[in-house]
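What the coordinates show
Listed below, chain by chain, are the residues.
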Amino acid sequence: MQKEFLQNDKNITTYALNTFKPEDNILKEIRERAKKLDIPGIHVSDMDGKHLEILISMAKAEKVVEVGTLAGYSGICIARGMRNKGVLHTIEIEQKHFEAAAQSFKNAKVDHLVKQHLGSALSVLAELEKEAPFDAIFIDADKVSYPDYLTWAEKNIKIGGVIIADNTFAWGHINDSHFETLELEKQVKSIREFNYRIANNSQFIATILPTGEGLTVGVRVS
Ligand SMILES: C[S@@+](CC[C@H](N)C(=O)[O-])C[C@H]1O[C@@H](n2cnc3c(N)ncnc32)[C@H](O)[C@@H]1O
C-alpha cells in the first residue's frame, strides 16, 4: 500500500510541537517584534527552524550561506546548529529586515558567528565565491531566483555539503497547471525548476521533506 506523504492532522501537529518544542522565547520574541515593525511574518515555521538546526548540526557545517535573512529567525536556528563554531553569511536586501536581524542575533547571543550582508543576493553571492566551498547553503529569498541561487550553490558547495531550500511545495501549488496570477505562475515554475534540477543532478542525492512548506534537501555526493 502506498503510504501518504503528508500528514495534515492538527492532532499530530499538536503532538509534535508539544513533544519537540521547537520554539523557545528568543525565537518567539522575533515573530512578535517583526510583527510590531511591520515586517512580514514569513519566517520559517517553528518545526522547520528545528529541522534546519538539526540538518546543519548533522552536516557539521561551519561555513554556511543563507539567502534571505528577514528578521534572523532561521539564521539563529542555523547558528545554533553550528555549535558555536564557524561563520554564517546571511544576505538580505531590505535595510529594515537587516537591522531587525542584527538585534535578533545579538539577543540570541550568536552574533559572533554571523556576518550579515545587505544587498541583492546575486551580487553578494558573487562576492562570497572567493570564500567557497561552503558546508551548507540555505535558500529562502525571492522564489523566481531559486534556479539562479541553485546554480551558484551547485558550484560553491563542498562534496558532502548540503543545499536546503524552503517553500518548495510552493504554498501547495507545486503541481498545479493553472495559476491565478502570472506572478504565482513564475514563482511556481521557478521552484519546480529548482526541485527538478537538484533531484536530477547526479552529483546530489536529494529529497523534499514533507513539512508544511516543503523543505528540499540535497547532499552533494560527488
Ligand atoms: C522568506 S523571507 C526569509 C525568511 C528567513 N529565512 C527566516 O526564516 O527567518 C525572504 C527574505 O528575503 C529577502 N529578499 C528577497 N529578495 C531578495 C534578494 N534578491 N536579495 C536578498 N534578499 C532578498 C526579503 O526581503 C525577505 O526578508
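For the structure itself, look to the data block above.
These remarks concern the structure in this document. (Residues numbered from 1 in each chain as written. Predicted model: local features only at pLDDT ≥ 70, side-chain atom pairs only at ≥ 80, totals over all residues. Heavy atoms only, no water.)

With respect to the packing of helix α2 (residues 25-36) against helix α5 (residues 95-107)
Working note: a packed helix pair is described by the angle between its axes plus the distance between those axes. Where α2 meets α5, the axes come as close as 10 Å, and the angle between the chain directions of the two elements is 160°. Taken together, the axes of α2 and α5 are roughly antiparallel relative to one another. Crossing of α2 over α5 shows right-handed handedness. Seen from α2, the contacting residues are I26, E29, I30 and R33; seen from α5, they are A100, Q103, S104 and N107. Tallied by class, the residues present in the contact of α2 with α5 amount to three nonpolar, three polar and two charged. (Axes fitted to C-alpha atoms, helices over the stretch in contact; angles between N-to-C directions. Helix = DSSP H or I, 4+ residues; strand = E, 2+ residues; numbered from the N terminus. Parallel < 35°, antiparallel > 145°, perpendicular 65-115°, else oblique. Left-handed = near helix turned anticlockwise from the far one by under 90°. Contact = heavy atoms within 4.5 Å. Nonpolar A, V, L, I, M, F, W, Y, C, P; charged D, E, K, R; others polar.)

Comments concerning unusual backbone geometry
Outside of glycine, negative phi angles account for most residues, and trans bonds account for most peptide bonds. Cis rather than trans, the peptide bond between A132 and P133 has omega equal to 5°. Mapped onto the fold, P133 is located in the loop between α6 (121-128) and β4 (134-139). The backbone of L70 shows a phi angle near 50°, a positive value even though the residue is not glycine. Here L70 is to be found in the loop between β1 (63-67) and α4 (73-81).

What to know about the nonpolar core
Here is a general trend for soluble globular proteins: nonpolar side chains tend to be buried in one another's company. By size, the foremost hydrophobic cluster in this structure holds 33 residues, and its most contacted members are V64, I78, V110 and I164. In terms of residues, this core owes the most to one element, α4, which gives five residues. Membership of the second largest hydrophobic core comes to 29 residues, among which are V65, I91, I139 and A141. (Core = buried A, V, L, I, M, F, W, Y, C linked by side-chain atoms within 4.5 Å. Buried < 20%, exposed > 50% of the residue type's maximum accessible area, 1.4 Å probe, protein only.)

Brief notes about the site of the ligand
Close to the ligand lie 20 residues, the nearest being V44, G68, S74, E92 and D140. Side-chain polar atom of S74 to a nitrogen atom of the ligand: 2.7 Å apart, as the coordinates give it. The backbone of A121 places a nitrogen or oxygen atom 2.9 Å from a nitrogen atom of the ligand. Look at the ligand: alone it shows 600 Å² of surface, and the protein chains cover 89% of it. When the residues that make up the shell around the ligand are grouped by side-chain class, the tally is eight nonpolar, seven polar and five charged. (Near = heavy atom within 4 Å. Polar contact = N/O pair within 3.5 Å; in protein donor to acceptor, adjacent residues only side chain to side chain. Areas by Shrake-Rupley, 256 points an atom, 1.4 Å probe, with all protein chains shown as cover.)

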